[in-house]
Structures are given as C-alpha cells and as structure tokens.
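Results of the structural survey
Okay, here's what each chain looks like letter by letter:
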Amino acid sequence: MGNILIGILILLVIIDIILRLRKREEPKLEKFEEFKEIKSKTIMLESAVAPIYWAYLIIKHGLERGKDFKIQKEETKIGRDEENDIILSHPTVSRFHAKIIREGENYFIEDLNSANSTFVNGIKVQKELLHDNDILQFGDIVCVFKRL
C-alpha cells in the first residue's frame, strides 16, 4: 500500500513539472510583414497622466489579521486615534504612532516618538526607506508592506 502511494506521488510530481514547463513556453509570434495606412477621424486630446503609485499595509498579527489598507496619499498617518488614516485599535499602539511618506516612487516609515517605537524587519527605526515585503511593527501589531 505504501509503495503504491509513493508511486502515485511521484507520478503527480512528474505531471506537475510537465505542466509547469508547458506554461513557460513562449507563444510563437508571426512576423508582421505588411503595413497598411489607415485614415481615421479620431481626435487625439492632450492630457497629463500622473503615474499612480500604490502600496498596501496588511495586518499579519493582531485582532484584525488579514485587514489591508491602501496607501495612496503623500503622507499616511498610523495610530490609535480616529484622526489617523490607518487606525490600529490596540493599547500598545500610540495615538499617533507613525506615518508613511511617499516621495516620488519611494515610501518611508517615520516614527512619531511613539511609546513602543516602530520596527522594520525587527530593527527599531526613526525614519526608514521601505521595500516590498518589509515587516513593520507598531506596538504588538505586525504588518507587511506591499508595493504595486
């Protein structure tokens, strides 16, 4: 019975590998040889499109585990007080604990002299550049920072 299960497991692994290799194959593109000019009455309007930078903060440890917050503003305040953009209702989180600052494409976390400090990947910080998948800690609340 055990040998049969091992055989089935090996067969499933082989099938999985084959399917993954097939997905990696690049699609074959045909070479475009001919160009035809098409006249159109479409009017092109000029517009300025600003790049959109989004990031998320996802609670990984705490009562609200799994809850996520979209970070779209230049400055996103984090704390226990209702005036914050991200409200973390936990006694170990200060009323105004920290803020996330967007400067161009970069995001920074800055501690606002909180009682229990702000940590990035286990290291106490005052102001720190954030990277995708950084682990942030505000009191006993642990979050992960995600960039899009």
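The following paragraphs examine the structure supplied in this document. Just so you know, these numbers come straight off a predicted model, no measurement behind them.

Concerning the sheet that holds strand β6 (residues 106-111)
- Pairing is mixed across the open sheet formed by 5 strands, whose spatial order is β4-β3-β5-β6-β9. Looking at which strands have only one partner, the edges of the open sheet turn out to be β4 (86-87) and β9 (127-129).
- By the bridge criterion, 2 bridges tie strand β3 (residues 75-79) to β4 in an arrangement that is parallel. Bridging from a neighbouring strand, Gly79 pairs with Ile87 of β4.

Remarks on the side chain of Thr76
- Tracing the sequence through the fold places Thr76 in strand β3.
- Non-local contacts of Thr76, meaning those with residues more than four positions away in its chain, are made with Ile71, Asp85, Ile86, Ala98, Lys99 and Ile100.

Quick notes on the sheet that holds strand β8 (residues 123-125)
- Taken together, 6 strands build an open sheet; the order of strands is β2-β1-β11-β10-β7-β8 and the sheet is antiparallel. Edge positions in the sheet fall to β2 (68-71) and β8, since each has one partner strand and no second. Strand after strand, the sheet turns through a mean of 30° between neighbouring axes, direction not considered.
- Looking at chain direction, strand β10 (residues 135-138) and strand β11 (residues 141-147) are connected through 4 bridges and run antiparallel. Paired with Phe138 across the strands is Ile141, a residue of β11.

A look at the pattern of salt bridges
- Tallying each qualifying case throughout the model produces 7 salt bridges.
- Among the ionic pairs, Glu75 bridges to Lys99, the shortest N-O distance being 3.5 Å. On the criterion of sequence distance, the pair formed by Glu75 in strand β3 and Lys99 in strand β5 (residues 98-103) is long-range, its members being 24 residues apart.
- Overall, the relative accessible area of 32% leaves Glu75 in the partly exposed class.
- Note on Lys99: relative accessible area 15%, which makes it buried.

A closer look at empty space enclosed by the protein
- Applying the stated criterion across every chain, the model contains 1 cavity of 30 Å³ or more.
- In terms of lining, the largest cavity is formed by Ile59, Leu63, Glu64, Leu88, Ser89, His90 and Ile141.

Observations regarding the packing of aromatic side chains
- Applying the stated criterion across every chain yields a total of 1 aromatic pair.
- Of note, Lys70 hangs over the ring of Trp54, and the distance from its end group to the ring centre comes to 4.0 Å.
- When the ring centre of Phe108 is taken as origin, the NZ or CZ atom of Lys127, which lies over that ring, is 5.3 Å away.

Observations regarding the environment of Asp111
- Looking at where Asp111 falls in the secondary structure, it is placed in strand β6.
- Look at Asp111 and you get buried, because its relative accessible area is 5%.
- C-alpha separation for the pair Asp111 and Lys99, spaced 12 residues apart in sequence, amounts to 6.6 Å.
- There is a polar contact of 2.6 Å between the side chain of Asp111 and the side chain of Ser114.

Reading the values: rules and limits
- Residues numbered from 1 in each chain as written.
- Predicted model: local features only at pLDDT ≥ 70, side-chain atom pairs only at ≥ 80, totals over all residues.
- Heavy atoms only, no water.
- Pairing = 2+ DSSP bridges.
- Helix = DSSP H or I, 4+ residues; strand = E, 2+ residues; numbered from the N terminus.
- Contact = heavy atoms within 4.5 Å.
- Axes fitted to C-alpha atoms, helices over the stretch in contact; angles between N-to-C directions.
- Salt bridge = Lys/Arg side-chain N within 4 Å of Asp/Glu carboxyl O.
- Buried < 20%, exposed > 50% of the residue type's maximum accessible area, 1.4 Å probe, protein only.
- 1 Å grid on protein atoms, 1.4 Å probe; cavity = no way out; pocket = protein on both sides within 12 Å on 5 of 7 lines; lining within 4 Å.
- Points joined across faces, edges and corners; volume = space filled by probe spheres on them.
- Phe/Tyr/Trp six-rings, centres within 6.5 Å; stacked < 30°, edge-to-face > 60°.
- Lys NZ or Arg CZ within 6 Å of the ring centre and 35° of its normal.
- Polar contact = N/O pair within 3.5 Å; in protein donor to acceptor, adjacent residues only side chain to side chain.

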